[in-house]
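Remarks on the overall topology
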Amino acid sequence: MARGVIGFGLIIGSIALVPYVGPASLLAAPLALIAFRGCPTCWMVGLAQTISRGRLERQCVDGVCTLAKAHPAADGNAQDTTSR
């Protein structure tokens with residue numbers, strides 16, 4: 001989360017400071033990629049996965065994948081009622 005705050009802070013700050021510092025402030029934007037440790041898209045996907053915390057699952061049928069709510073047993077809180 002800290003890398004995200006730093007990365008987005010650099011991007012937002014570099015754009016917000018253009019009227020005061022000039023185009024030189026945009027040089028801070030590429031530093032955000034260092035904070036993100038890669039592409040921002042990959043970071044956003046990781047953030048979305050972290051936020052969902054297993055509430056969503058991918059279901060693929062006949063080569064078509066969709067997102068759906070996870071089954072209650074998948075969250076780890078439901079008890080197994082099957083006998084062994």
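Calculation notes
Residues numbered from 1 in each chain as written. Predicted model: local features only at pLDDT ≥ 70, side-chain atom pairs only at ≥ 80, totals over all residues. Heavy atoms only, no water. Helix = DSSP H or I, 4+ residues; strand = E, 2+ residues; numbered from the N terminus. Expected span 1.5 Å × (residues − 1). Buried < 20%, exposed > 50% of the residue type's maximum accessible area, 1.4 Å probe, protein only. Arc of directions from axis to C-beta. pLDDT = per-residue confidence, 0-100. Contact = heavy atoms within 4.5 Å. Disulfide = S-S within 2.5 Å.

In an α-helix, one turn spans 3.6 residues; hence positions three or four apart end up facing the same way. Between its first and last C-alpha atoms helix α1 (residues 2-16) spans 20 Å; for 15 residues at 1.5 Å apiece the expected length is 21 Å, and the two agree. Looking only at α1, the buried set comprises G4, G7 and S14. On an axial view of α1, the arc spanned by its buried residues comes to 120°, and they lie on one face. Facing away from the buried side of α1 by more than 90 degrees, the exposed set consists of A2, V5 and I12.

Glancing now at the confidence of the model for the chain. For the chain, per-residue confidence averages 75 on the pLDDT scale, and 80% of positions sit at 70 or higher. Put simply, helix α4 (residues 40-52) is where the chain has its lowest mean pLDDT, 74, and helix α2 (residues 18-21) is where it has its highest, 88. Contacts for the low-pLDDT stretch residues 78-84, under 50 throughout, to residues beyond four places or in other chains number 2 contacts.

Take helix α3 (residues 29-36) next. Among the residues of α3, A32, A35 and F36 are the ones counted as buried. Within α3, the buried residues cover an arc of 95° as seen down the axis, which keeps them to one side.

Now for the state of the cysteines. This structure, assessed with the given rule, holds 1 disulfide. In this model C60 forms its disulfide with C65; the gap between the sulfur atoms is 2.0 Å. Judged by the torsion about the S-S bond (110°), the C60/C65 disulfide is right-handed.

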